[in-house]
Amino acid sequence: MNIRQTLSIGLISLGLFCGPGLAAENTKVSNAAIEARGLTLADFPRWKAVAPNIYAYEGYHPSKVMNTVSLIIVTKDGVVLVDAMGDEAQGHQLVDNIKKLTPQPVKYLIVGSDHGDHMAGNGPLKTAWPGMVVVATPASQKAMAKNAAPPTELVTDKRVLNVGGTEIQILNLGRAQTGGDLLVYLPATKIMFMSEVYLRGVFPAMRSAYPSEWVETIKKAQAVDVNLVIAGHCWVDDAATMQAGLEAFRKAVELVIAEGKRLHAAKVACAEPANCEAVKQAKWSAADSLALKDGQAPIALAKVYQELDGKLP
Ligand SMILES: [Zn+2]
């Protein structure tokens, strides 16, 4: 064990992040923007143990505006990884950092989100661990046709893995942000990784969403006996803060739907994001200060209009 490893273990036991750790972090901020938290890109990747042998791993989103979170579950019989990173370079870093945590191979990669910012880094993982099983929904299988690590096993409802004595429940609770959404629940520690079903501190990103189903999927997740809920973007803070953030995020999705319904009924146009008159009249109240609001609001409103018009794919 070298000095860095000793330091890492010490920091993990304190619940702090390992990684570069250059800037002073303002942990009172729940907005997903890296800048808002007082961090810079040089602070990533970083990771911390949220329970023994279970790590929340943060890289940065390709936009460089916010972070992206993966879950690493280390067991004595292999590693289970949920989501990768948004580019190959960060995929290589993820491989290197998993190897720092354990000599065990990644046996399973679970695809919580099939968006590029969570799977463009899959290639280096597949190269490092060619026997890795890739688990996704049938919808994500279609979205991943050109991915470097396409799914090898599909989950339509629920699948339970037992790896090295750790029970890992893979849950398809319904369509939400991508249409291929999977959540991962660890009953022993009551940790739930929600991938992009939970975008903490982020304006609801609806490019490929199913707005009303998203609300129902979050409600189902909230009904599970969970302690710590982890979002696919944004910070990993204490359990109460993370649960409050999930409630706030569900309300933000509900608000987007309500505003969409109001403006649709008033016949304010928003057929497509690039030509959305409705966004000028929307009242975002609590959602107004969320990260990415300006870019995502017209996309979200157009998606709600699509749903109201019966035009969702
Ligand atoms: Zn994402």
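Every chain is numbered on its own, with residues counted from 1 as its sequence reads. In keeping with the model being predicted, local features are shown solely for residues with a pLDDT of at least 70 and side-chain atom pairs are shown and tallied solely at 80 or more, while totals for entire chains, interfaces and linings include all residues. Side-chain measures here rest on the full set of heavy atoms in the structure, leaving out hydrogens and waters.

A. Representation of the nonpolar core in the model. Residues Ile 110, Ile 168, Met 192, Met 194, Trp 214 and Ile 230 are the most contacted members of the largest nonpolar core, which totals 78 residues. Sort the elements by how many residues they give to this core and helix 7 (residues 239–265) lands first, with 9 residues. Throughout this description, the term nonpolar core refers to a set of buried Ala, Val, Leu, Ile, Met, Phe, Trp, Tyr and Cys residues connected via side-chain atoms within 4.5 Å. Accessibility here uses a 1.4 Å probe with only protein chains present; expressed as a share of the type maximum, an area under 20% marks a residue as buried, one over 50% as exposed, and anything in between as partly exposed. With 25 residues, the next largest nonpolar core counts Trp 47, Val 79, Leu 81 and Leu 94 among its residues. In this description a helix means any DSSP run of H or I spanning at least four residues, a strand means any run of E spanning at least two, and both kinds are numbered starting from the N terminus.

B. Up close: the packing of helix 7 against helix 9 (residues 293–308). Note on geometry: axes are C-alpha line fits, over the in-contact stretch for helices, and angles between N-to-C directions span 0 to 180 degrees. Packing of helix 7 against helix 9 brings their axes to within 9 Å, and their N-to-C directions diverge by 65 degrees. On the basis of their axis angle, the class for helix 7 and helix 9 is roughly perpendicular. Crossing angle aside, the handedness with which helix 7 passes helix 9 is right-handed. For the pair helix 7 and helix 9, the contacting residues are Val 256, Ile 257, Glu 259, Gly 260, Lys 261, Leu 263 and His 264 in the first and Ala 300, Leu 301, Val 304, Tyr 305 and Leu 308 in the second. For classification purposes, angles smaller than 35 degrees are called roughly parallel, those larger than 145 roughly antiparallel, those between 65 and 115 roughly perpendicular, and all remaining angles oblique. Here a crossing is called left-handed whenever its near helix is offset anticlockwise from the far helix by less than a right angle, and right-handed whenever the offset is clockwise. A contact between two residues is defined here by any heavy atoms of the two lying within 4.5 Å.

C. Spotlight on the pattern of salt bridges. Think of a salt bridge as a Lys or Arg side-chain nitrogen and an Asp or Glu carboxyl oxygen that are within 4 Å of each other. Across all of its chains, the model carries 17 salt bridges by this definition. Ionic pairing is found between Arg 46 and Glu 25, a salt bridge with its closest N-O pair at 2.7 Å. You can see Arg 46 sitting in strand 1 (residues 46–51) and its partner Glu 25 sitting in the loop between helix 1 (3–13) and strand 1, a full 21 residues away along the chain. For Arg 46, a relative accessible area of 5% translates into the label buried.

D. Representation of the coordination of the zinc ion in the model. Note on donors: an N, O or S atom is included if it sits within 2.8 Å of the metal, or within 3.2 Å for Na, K and Ca, and water is never included, so sites can look incomplete. Surrounding the zinc ion are the protein donor atoms Asp 117 (OD), His 118 (NE2), Glu 196 (OE) and His 233 (NE2), which sit 1.9 to 2.1 Å from the metal. The geometry test gives tetrahedral to four donors whose angles all lie between 85 and 135 degrees, gives square planar to four donors and octahedral to six donors whose opposite members are over 155 degrees apart with all other angles between 65 and 115, and gives irregular to the rest. Seen from the zinc ion, its 4 donor atoms lie at angles of 91 to 166 degrees, and the figure they make is irregular.

E. Geometry of the pairing of strand 1. When you tally the buried positions in strand 1, you get 5 out of 6 residues, the bulk of the element. The sheet contact formed by strand 1 and strand 2 (residues 54–60) spans 5 bridges and is antiparallel. Of the residues in strand 2, the one forming a bridge with Trp 47 is Tyr 57. When DSSP locates at least two bridges between a pair of strands, those strands are taken to pair. A loop of 2 residues connects strand 1 with strand 2, the two strands running antiparallel in sequence, and Asn 53 in this loop sits at a positive phi of about 70 degrees.

F. A look at the sheet that holds strand 9 (residues 166–171). Taken together, 5 strands build an open sheet; the order of strands is 8-9-10-11-12 and the sheet is mixed. The sheet is open, and its two edges are formed by strand 8 (158–163) and strand 12 (228–230), each paired on a single side. Here the strands of the sheet are splayed against their neighbours by 20 degrees on average, with no regard to which way each runs. By the bridge criterion, 3 bridges tie strand 9 to strand 10 (residues 183–186) in an arrangement that is antiparallel.

G. Looking closely at the sheet that holds strand 2. Read from one edge of the open sheet, 7 strands run 1-2-3-4-5-6-7, paired in mixed fashion. Pairing within the sheet leaves two strands with one partner each, and these edge strands are strand 1 and strand 7 (153–154). Relative to strand 6 (residues 133–136), strand 5 (residues 106–110) runs parallel, the two sharing 3 bridges. Bridge pairing in strand 6 places Ile 110 opposite Val 135. The strands that helix 2 (residues 88–101) touches are strand 1, strand 2, strand 3 (67–75), strand 4 (78–82) and strand 5; relative to strand 2, the one it contacts most, it runs at about 155 degrees.

H. Just the state of the cysteines, in detail. Two cysteine sulfur atoms make up a disulfide if the distance between them is within 2.5 Å. Under the definition given, this model contains 1 disulfide. Two residues, Cys 270 and Cys 276, share a disulfide whose sulfurs are 2.2 Å apart. The sign of the -105 degrees torsion about the S-S bond sets the Cys 270-Cys 276 disulfide as left-handed. Here Cys 270 and Cys 276 have matching classes, each one buried. A disulfide-free cysteine, Cys 18 has its sulfur positioned 20 Å from the sulfur of Cys 234, the nearest such atom.

I. Quick look at the side chain of Asp 43. For Asp 43, the position within the fold is in the loop between helix 1 and strand 1. Counting rule applied: Lys, Arg positive; Asp, Glu negative; His and chain ends not counted. The charged side chain of Asp 43 is buried without a salt bridge, its nearest counter-charge being Arg 46 at 6.2 Å. At a separation of 2.8 Å, a polar atom in the side chain of Asp 43 contacts the main-chain amide nitrogen of Thr 40. Beyond its immediate sequence surroundings of up to four residues, Asp 43 is in contact with Pro 20, Gly 21, Leu 22 and Ala 23. Think of a polar contact as two N or O atoms within 3.5 Å of one another; within protein, one of them needs to be a possible hydrogen donor and the other a possible acceptor, and neighboring residues in sequence only count if both atoms come from side chains.

J. Local environment of the environment of Ile 257. Turning to its location among the elements, Ile 257 is positioned in helix 7. Separated by 44 residues in sequence, Ile 257 and Leu 301 place their C-alpha atoms 7.7 Å apart. Once you skip the residues sitting within four places of it in the chain, Ile 257 turns out to touch Pro 211, Ser 212, Val 215 and Val 304.

K. Looking closely at the packing of aromatic side chains. Here a Phe, Tyr or Trp ring, Trp counted by its six-membered ring, pairs with any other such ring whose centre lies within 6.5 Å, and the pair is stacked when the planes are under 30 degrees apart, edge-to-face when over 60, and tilted otherwise. Tallied over the full model, the rule gives 5 aromatic pairs. Taken together through their ring pairs, the aromatic side chains of Tyr 198, Trp 214 and Phe 249 make up a single cluster. Should the NZ of a Lys or the CZ of an Arg lie within 6 Å of a ring centre and within 35 degrees of the ring normal, that charge is described as sitting over the ring. Stacked on the ring of Trp 129, the Lys or Arg Lys 99 has its end atom at 5.8 Å from the ring centre. Geometry around Tyr 210 places Arg 175 over its ring, the cationic atom sitting 3.8 Å from the centre.

These values are about where atoms sit, not about what they do.
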